[in-house]
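# Observations on the three-dimensional arrangement
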Amino acid sequence: MSDEFDFQKKYKAFSLNNFRKIPQISNLSEQEQHEIEVVGNVLPFKVNNYVIDELIDWVNYKTDPIFHLTFPKREMLEEKDFIKMESVLAETSDKETIKKQADEIRYSLNPHPAGQMEMNVPEIDGVKLTGVQHKYRETVLFFPSSGQTCHSYCTFCFRWAQFVGLDELKFAARETELLMRYLQEHQEVTDILFTGGDPMIMSFKVFKQYLDPFLDGNHNTNVQTIRIGTKSLGFWPYKFINDKDADEFLDLFKRVIDSGINISIMAHFNHYMELRTPAVKEAVKRLLAAGVQIRTQSPLIKGINDDSEVWSTMWREQVNMGMIPYYMFVERDTGAKHYFEVPLEKTWEIFQKAYTSVSGVCRTVRGPSMSCTPGKVQILGVTEIPINGKMEKVFSLQMIQGRNPDWASRPFFAKYDPEAYWMHDLKPAFGDSFFFEEEMNLIKEEAGMEV
Ligand SMILES: *Cc1c(COP(=O)(O)O)cnc(C)c1O
């Protein structure tokens, strides 16, 4: 890692068809390269020259968190699936046959978690607004059609299905007209969150169309904060430094802010190593100087950041750089989850240890949180309470967000289970169901889902 960022740096990506041309790839054995090829045929794989040159420590790549964050590994597939894919690749180069095998494995990896397809897509005059999700009252998610890829893919990504062409219906919207109408008709919406993929993959010319309506004092919506969910600070900070439209972006952000709307970058950082390059430091400085707020989030991922010191260090360094720690998520139940998941109890222990070792300015972080069908469920901890006269362990939980807003901030309890990894593994500690379940089932029935 050098002390300076490279003013000439041009984005260059590598994927399955050319990763063997990465100069540092010769550090890997033939077998490891073969395994990247096999797994990369099932799960999405793309990495760029910033990640390769400035983030990954190639001497210690076997234990490097950013290497694991971006390069596929044999164990990310179940062994039987790896063998299936490997033998198909050995037998044929027919694209159709390879895709058929890959899709069969992909469909077994729960590609669409948390009912996102069925339940969150709103309508205007009976027309479905693809590209929009409205799950929590105040916040609308928007998936601009040209923002549905990333500068580099994360191996744990929960939106992986859309990068391998599994979703014909990948959430994506082209124009802002219907979106603006929806926001005008829904004055309860204060936040719009641009997401993807990564909206910061878009060129200025394209991105501008989505922000322009808000510059006009007559947008007649109640939007107060525009959030941009992005991994660009971690994977391509040059977006804000010397990409040809970097200054135009900063200027546009500044004008939106001057017009009275907050801009908050929801930055994905999974490890403190992503905070240490000269380029990311410069990018953060420039965004802050433009008046943009930066909040940070990440899931807790085995092999990448399942260590309390990684989190406490990351939060401290983020705060020192002027960013606000926001979410710690639980790894979602999709894709290579068997490889990355950490039990809920252990996840909470890591959170608790990290949280208690930092000062209050870092404790803006909320978590660990599971984004599941009823809402964002936060694990408050494992505690002991008397049940039938005997002390028993339980999980104490609450929702940070609920599909019904009234569900948030109501404590509830689940039976202790050291093997629980996700909400659907949890059973109520008292009675037959959690307090929200009956209403949740009604909502599901209305959406035509199985209950
Ligand atoms: C997390 C999330 C939001 C934002 O929730 P906040 O608590 O406002 O950060 C909005 N919509 C969906 C679907 C989410 O998962």
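Labelled according to an unreviewed UniProt entry, the chain appears under the name KamA family protein, originating from Myroides guanonis. Looking at the Sequence similarities (unreviewed entry) heading of the UniProt record, one finds this comment for the chain: "Belongs to the radical SAM superfamily. KamA family."

On to the overall build of the chain. Scanning the chain from terminus to terminus reveals 15 helices and 15 strands. Over its C-alpha atoms the chain spans a radius of gyration of 22 Å, differing by no more than 12% from the 22 Å that the globule rule assigns to 451 residues. With the C-alpha coordinates aligned to their principal axes, the bounding extent of the chain is approximately 65 × 55 × 50 Å. Among the 451 residues that make up the chain, the fraction classed as buried is 57%. Taking contacts inside the chain between residues at least 6 apart in sequence as the whole, the part at least 24 apart equals 73%. For the chain, the accessible surface area stands at approximately 19,700 Å², while carbon and sulfur atoms represent 48% of it.

Okay, the sheet that holds strand 7 (residues 191–194) next. Sheet strands pair via backbone hydrogen bonds, and the direction of the pair is either parallel or antiparallel. The strand order across the open sheet formed by eleven strands is 5-6-7-8-9-10-11-12-13-14-15, and the pairing between neighbours is mixed. Looking at strand neighbours, the two that pair on one side only are strand 5 (132–136) and strand 15 (412–415), the edges of this open sheet. With direction set aside, neighbouring strand axes in the sheet form an average angle of 35°. Helix 7 (residues 177–185) contacts strand 5, strand 6 (139–142) and strand 7 of the sheet and is inclined by roughly 175° relative to strand 6.

Here we come to the site of the ligand. Lys135, Tyr136, Thr139, Leu141, Arg227, Tyr326, Tyr327, Arg366, Lys376 and Gln401 make up every residue found near the ligand. Contributing elements (two or more residues each) for the shell around the ligand: strand 5, strand 6 and strand 11 (324–330). Each residue belonging to the shell around the ligand can be placed in one class, and the counts come to four nonpolar, two polar and four charged.

For the rest of this paragraph, the subject is the pattern of salt bridges. Enumeration according to the criterion identifies 26 salt bridges in this entry. For the salt bridge of Asp251 with Arg255, the shortest nitrogen-to-oxygen distance reads 3.3 Å. Of this pair, Asp251 and Arg255 both sit in helix 10 (residues 246–258), four residues apart, which is roughly one turn of that helix. With a relative accessible area of 41%, Asp251 lands in the partly exposed category. Residue classification places Arg255 among the partly exposed residues on the basis of a relative accessible area of 37%. One salt-bridge network, in which partners are shared between bridges, spans Lys80, Asp81, Lys84 and Glu104.

Bringing the side chain of Ser298 into the picture now. Tracing the backbone shows Ser298 in strand 10 (residues 293–300). Beyond its immediate sequence surroundings of up to four residues, Ser298 is in contact with Phe269, Asn270, Asn305, Trp311, Tyr327, Met328 and Phe329.

On to the pairing of strand 6, then. Bridging between strand 5 and strand 6 involves four bridges; their strand directions are antiparallel. Along strand 6, the bridge assignment pairs Val132 with Phe142. Taken together, strand 5 and the strand that follows it, strand 6, pair antiparallel across an intervening segment of two residues. Bridge analysis of strand 6 against strand 7 gives four bridges, and the strand direction is parallel. Residue pairing for strand 7: Phe142 is matched across the bridge by Phe194.

A word on the nonpolar core. General note: in soluble globular proteins, nonpolar side chains tend to be found buried as a group. With 111 residues, the main nonpolar core has Phe71, Leu233 and Phe253 as its most contacted residues. Of all hydrophobic cores here, the second largest spans 23 residues; its members include Val330, Trp348, Met399 and Ala420.

Since the α-helix advances by 3.6 residues per turn, residues separated by three or four positions end up pointing in the same direction. Here helix 11 (residues 278–289) contains twelve residues, and its C-alpha end-to-end distance of 17 Å stays within 8% of the 16 Å for a straight helix at 1.5 Å per residue. Buried residues of helix 11: Pro278, Ala279, Val280, Ala283, Val284 and Leu287, and no others. Where the residues of helix 11 are buried, they touch helix 2 (49–55), helix 9 (232–235), helix 10, strand 9 (262–268), strand 10 and helix 12 (308–321). A positive phi of about 95° marks Gly291, the residue just after helix 11.

Here we take up the environment of Ser203. Within the element layout of this structure, Ser203 appears in the loop between strand 7 and helix 8 (204–215). We classify Ser203 as partly exposed; its relative accessible area is 30%. Spatially, the C-alpha atom of Ser203 lies 9.1 Å from that of Phe249, the residues being 46 residues apart in sequence. When neighbours within four sequence positions are excluded, Ser203 is seen to be in contact with Lys239, Asp245 and Phe249.

What follows is about the packing of aromatic side chains. Summed over the entire model, instances satisfying the criterion amount to 32 aromatic pairs. The interplanar angle of 70° and the centroid separation of 5.4 Å between the aromatic rings of Phe412 and Phe434 together place this pair among those described as edge-to-face. Of the two residues, Phe412 sits in strand 15 while Phe434 sits in the loop between strand 15 and helix 15 (437–446), which places them 22 residues apart along the sequence. Both residues of the pair, Phe412 and Phe434, count as buried. Ring geometry for Phe434 against Phe436: centres 5.7 Å apart, planes inclined by 10°, an arrangement best described as stacked. Look at Phe434 and you get buried, because its relative accessible area is 6%. According to the relative accessible area criterion, Phe436 is buried, its value standing at 3%. Within the aromatic cluster, the residues linked to one another by ring pairs are Phe142, Phe194, Phe204, Phe207, Tyr210, Phe249 and Phe253.

Procedures and definitions
Residues numbered from 1 in each chain as written. Predicted model: local features only at pLDDT ≥ 70, side-chain atom pairs only at ≥ 80, totals over all residues. Heavy atoms only, no water. UniProt positions renumbered as here; feature names shortened; annotations may be inferred. Helix = DSSP H or I, 4+ residues; strand = E, 2+ residues; numbered from the N terminus. Rg over C-alpha atoms; globule rule 2.2 N^0.38 Å. Buried < 20%, exposed > 50% of the residue type's maximum accessible area, 1.4 Å probe, protein only. Contact = heavy atoms within 4.5 Å. Areas by Shrake-Rupley, 256 points an atom, 1.4 Å probe, with all protein chains shown as cover. Pairing = 2+ DSSP bridges. Axes fitted to C-alpha atoms, helices over the stretch in contact; angles between N-to-C directions. Near = heavy atom within 4 Å. Nonpolar A, V, L, I, M, F, W, Y, C, P; charged D, E, K, R; others polar. Salt bridge = Lys/Arg side-chain N within 4 Å of Asp/Glu carboxyl O. Core = buried A, V, L, I, M, F, W, Y, C linked by side-chain atoms within 4.5 Å. Expected span 1.5 Å × (residues − 1). Phe/Tyr/Trp six-rings, centres within 6.5 Å; stacked < 30°, edge-to-face > 60°.

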